[in-house]
Amino acid sequence: MSIGIVGYGSFIPRRRIKLEEIAKVWGADAASYKRGLQLHEKSVPGKDEDTITMAVEAGRRALVRSGGVNPSAIGAVYVGSESHPYAVKPSGTVVAEALGITPEAHVGDLEFACKAGTESMYLAYSLVKAGEVGYALGIGADTSQGAPGDALEYSTAAGAAAFIFGSDEERIVAEVVATYSWTTDTPDFWRRSQMHYPRHGSRYTGEPAYFRHITSSAAGIMERAGFKPEDFAFAVFHQPNGKFPVRVGKRLGFTTKQMEPGWLSPWLGNTYSGASPIGLTASFDVAKPGDLILITSFGSGAGSDSFIFRMTDRITAVQALAPLTRMQLDNDKIYVDYGTYAKLRGKIRMGE
Amino acid sequence: MREVAIIGVGMIDWGELWGKSLREIWAEAALAALDDAGIDRVDLITVGCMSPGLFVGQEHLASLLADEIGMAGVASTRVESACASGSLAFRAGFAEVAAGLSDLVLVTGVEKMTDVDGADATYALGTAADQELEGFHGITFPGLYAMMARVHMAHHGTTSRQLAAVAAKNHANGLLNPHAQYHMRVSIDDVLGSTMVADPLHLLDCSPITDGAAAVVLAPLDKAKDHVGNRTVVKVAGSGLATDTIALANREDLARLRAVELAAERAYVMAGRRPSDIHVAEVHDCFTIAEIMATEALGFFEPGEGGPAAERGLTALGDRLPINPSGGLKSKGHPVGATGVAQIAEITLQLLGKAGQRQVEGARVGLTQNMGGSGGSSTVHILEAV
């Protein structure tokens, strides 16, 4: 029995802020940030967009592409994020209710820095594989936080991706070929409860955290499943900025061409739990039947989840059913200035 | 006073050594030096370290580190003079042997700087400035050296290209040093195109944050042959130490490094040498302007000629006076307490003809110059192959 994704969808807010606009406010050297981080602009959530609403939008699009899966047949919903609107009270219940999945469902919120999205995918996949549920929905969504003036502020963005897993062969668009996770206790980035913004270990977030976990996870899944980089049509890596995913991909032996469709961060920013999952949707959007696709996420703390998917014949039939990820990224953009951005991100202290 | 020889050298790979603690990197370098000298006991350990309290939350290093290599009981002392701590530890060991208080001394330097983030590291380093007159008003070291660079430019016409030439040269040398932190080729245009940190100093004008340690072993010259046989040994011919005002505001001339001039004068007198006798030198290039000012203060070039000399390549390997063949602080890295000892280690290797691809041919007399803060302290040592 094969298990796979039967429907997928993404959501990217329309608002953008350019890197120069942020750098101007802090007196920073925009050119060096652009060169160093390979970032041009990032998405900004609007006043009525948060992790829950974006998760719902992405979930709806996944349903549209699912070939008519009845929402009430979905037995589990997981929302991975580090910007759940509530500390206590799940995002998942709102999402499941809005999508018509409730009440007979197992619902939960997940948090593992930037890899909570692939975690939700892994749980959804595993429950279907175990035969506990017919379908399961895994979502990664974030309105990422970065302290004003911190290097993170140039990358933290908003977006969501949703994936419905099932064992229903005529509906599968991407069969799961293999999964592999690689986790250690590596404190490179954290936000304690009550803290408004996360803290990070500067350069320590690079080699010992991001690069070590992604290379170990990606190399591990390829070795176990018996594949080489050249076997893949596309590869997607967690993208905290524009530079890291390309560097880690090349280190693993992938080409720019394989990474290009899923490499969204230069124009999207870092959508944390949404980052590699949204990149995966963009690769699905251009994939052909038989294509192999690798995704490796990274979450600080730290760990990486990898999946290998094989696209089925049905993929080409569903791509155009919902907004393509790249189209959302490239079109209908609304540019905001820093003041508007500060207002939308709740950075302005208001009267009581 | 007894003559003193260097009979062992220990260097380790420097960098962002996140997987190792201060005591581990120190022990690696210390044991390497003891192995090189072929001994397993010493009379004294000296430790140059600027700020273990702020960087790793540990003081009382002298005892801690002696114990780390199984030598609890031995005499041990920590020496601090900001970024000159390492060479002060060397001078303390030299004085002990010269005075006959100790025969075998393990001189070490260490700093573990990457266990804190950039802001905390900047604060820790900033304590080497005059906090009341400088630090508390917000200035950090790039700003202090930038002011010195501006005055040097105004007095002498020194240019940003000349500063950049120092970085390009030191990175070229560092490519030949397997222990260096940054093995990367850097062009003058790379430096000029890098992020401005404190005008006129770009990112690539500044030395990095580094974890590292270095060690050497000292013995009386007349007993050195007992340890190294009939091989060439390196003796400490001259040692000079001097201070200057820490606060730049109290200096008469910001384009001069008075502590370096005084330390050099004392070292030259002790060694009976002149600047023109020096074949190779390691100087304190914490910023590119510092190397230019140091080469002038050491008498290698006239005031104002340090910049043009660097740009013309006179200080490159194979030219008139190779400066920082190790890659200097710029490329090799700058774990502040270790730097002064590593300079001694490099010149020792050069004089023994053991410097590999970066060997300065025929070097018999070498010099090291190490500096604390923005020049508030400096040491100069002259070493000779005998």
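Residues numbered from 1 in each chain as written. Chains lettered and ligands numbered in written order. Predicted model: local features only at pLDDT ≥ 70, side-chain atom pairs only at ≥ 80, totals over all residues.

1. Here's the deal with the overall build of chain B
1) Next: On a plain count of helices and strands, chain B comes out with 14 helices and eleven strands.
2) Next: Oriented by its inertia axes, the alpha-carbon framework of chain B measures out at about 55 × 45 × 35 Å.
3) Next: Expressed as a percentage of the 386 residues in chain B, the buried residues total 60%.
4) Next: Excluding contacts between residues fewer than 6 apart, the proportion of contacts in chain B whose partners are at least 24 apart in sequence is 78%. (Helix = DSSP H or I, 4+ residues; strand = E, 2+ residues; numbered from the N terminus. Buried ≥ 20, exposed ≤ 12 C-beta atoms within 10 Å, placed from the backbone. Contact = placed C-beta atoms within 7 Å.)

2. Digging into the sheet that holds strand S13 (residues 301-311) of chain A
Residue and element names in this part refer to chain A.
1) Next: One open sheet holds the nine strands; their spatial order is S5-S4-S6-S7-S1-S8-S13-S12-S11, and the pairing between them is mixed. Pairing within the sheet leaves two strands with one partner each, and these edge strands are strand S5 (106-110) and strand S11 (234-237). Strand-to-strand twist across the sheet, computed as the mean angle between neighbouring axes with direction ignored, equals 20°.
2) Next: In this sheet, S13 lies alongside strand S8 (residues 174-186) in antiparallel orientation, the contact comprising ten bridges. Bridging from a neighbouring strand, Tyr180 pairs with Ser306 of S13.
3) Next: Sheet strands in contact with helix H10 (residues 275-286) are strand S1 (4-11), strand S6 (135-143), strand S7 (158-166), S8, S11 and strand S12 (292-296), and its direction is about 165° off that of S11. (Pairing = 2+ DSSP bridges. Axes fitted to C-alpha atoms, helices over the stretch in contact; angles between N-to-C directions.)

3. Remarks on the domain arrangement of chain A
Interface size is commonly expressed as the accessible area that is lost once the parts come together.
All names here are of chain A.
1) Next: The assigned domain composition of chain A is domain 1 (4-172 + 324-344) and domain 2 (175-315).
2) Next: Relative to domain 2, the C-alpha centre of domain 1 lies at a distance of 15 Å.
3) Next: Taken together, the contact pairs 46 residues of domain 1 with 42 residues of domain 2.
4) Next: Looking at the side of domain 1 that touches domain 2, the elements that each hand over two or more residues are S1, strand S3 (41-44), helix H5 (116-129), S6, S7 and helix H12 (325-330).
5) Next: The greatest single-element share of the side of domain 1 that touches domain 2, amounting to seven residues, is contributed by H5.
6) Next: A breakdown of the residues in the side of domain 1 that touches domain 2 according to their chemical character gives 21 nonpolar, 18 polar and seven charged. (Domains from an automatic or database assignment. Nonpolar A, V, L, I, M, F, W, Y, C, P; charged D, E, K, R; others polar.)

4. What about helix H6 (residues 141-156) of chain B?
All names here are of chain B.
1) Next: For H6, built from 16 residues, the straight-helix expectation of 22 Å at 1.5 Å per residue is met to within 8% by its first-to-last C-alpha distance of 22 Å.
2) Next: All buried positions along H6 are accounted for by Phe141, Pro142, Leu144, Tyr145, Ala146, Met148, Ala149 and His152.
3) Next: The inward-facing, buried residues of H6 contact helix H5 (118-126), helix H7 (160-174), strand S5 (196-198), strand S6 (201-202) and helix H11 (288-297).
4) Next: Once H6 finishes, Gly157 follows within two positions and takes phi at roughly 75°, a positive value. (Expected span 1.5 Å × (residues − 1).)

5. Here's the deal with the nonpolar core
1) Next: Ranked by size, the top nonpolar core spans 136 residues in total, and within it Val216 and Val341 of chain B carry the most contacts.
2) Next: Ignoring any residue separated from it by four or fewer positions in sequence, one finds Val216 of chain B in contact with Ile6, Gly8, Val9, Ala33, Val107, Val341, Ile344, Ala345 and Thr348 of chain B.
3) Next: Listed in part, the 105 residues of the second largest apolar core include Leu19, Ala113, Tyr135 and Ile293 of chain A. (Core = buried A, V, L, I, M, F, W, Y, C linked by C-beta atoms within 7 Å.)

6. Remarks on the environment of Gly340 of chain B
Residues and elements named next belong to chain B.
1) Next: Tracing the chain through its elements places Gly340 in helix H14 (residues 336-351).
2) Next: Residue Gly340 is classed as buried on the basis of its 33 C-beta neighbours within 10 Å.
3) Next: Each C-alpha atom, one on Gly340 and one on Asp115, is 21 Å from the other, the two residues being 225 residues apart in sequence.

7. Digging into the packing of helix H1 (residues 22-37) of chain B against helix H3 (residues 61-68) of chain B
All names here are of chain B.
1) Next: For the pair H1 and H3, the least separation of the axes is 10 Å and the interaxial angle reads 60°. Classified by the angle between their axes, H1 and H3 sit oblique to one another. Read as a crossing pair, H1 and H3 show a hand that is right-handed. Contacts between H1 and H3 involve Arg23, Trp26 and Ala27 on the former and, on the latter, Leu64, Leu65 and Glu68.
2) Next: Broken down by class, the residue content of the contact of H1 with H3 amounts to four nonpolar, no polar and two charged. (Parallel < 35°, antiparallel > 145°, perpendicular 65-115°, else oblique. Left-handed = near helix turned anticlockwise from the far one by under 90°.)

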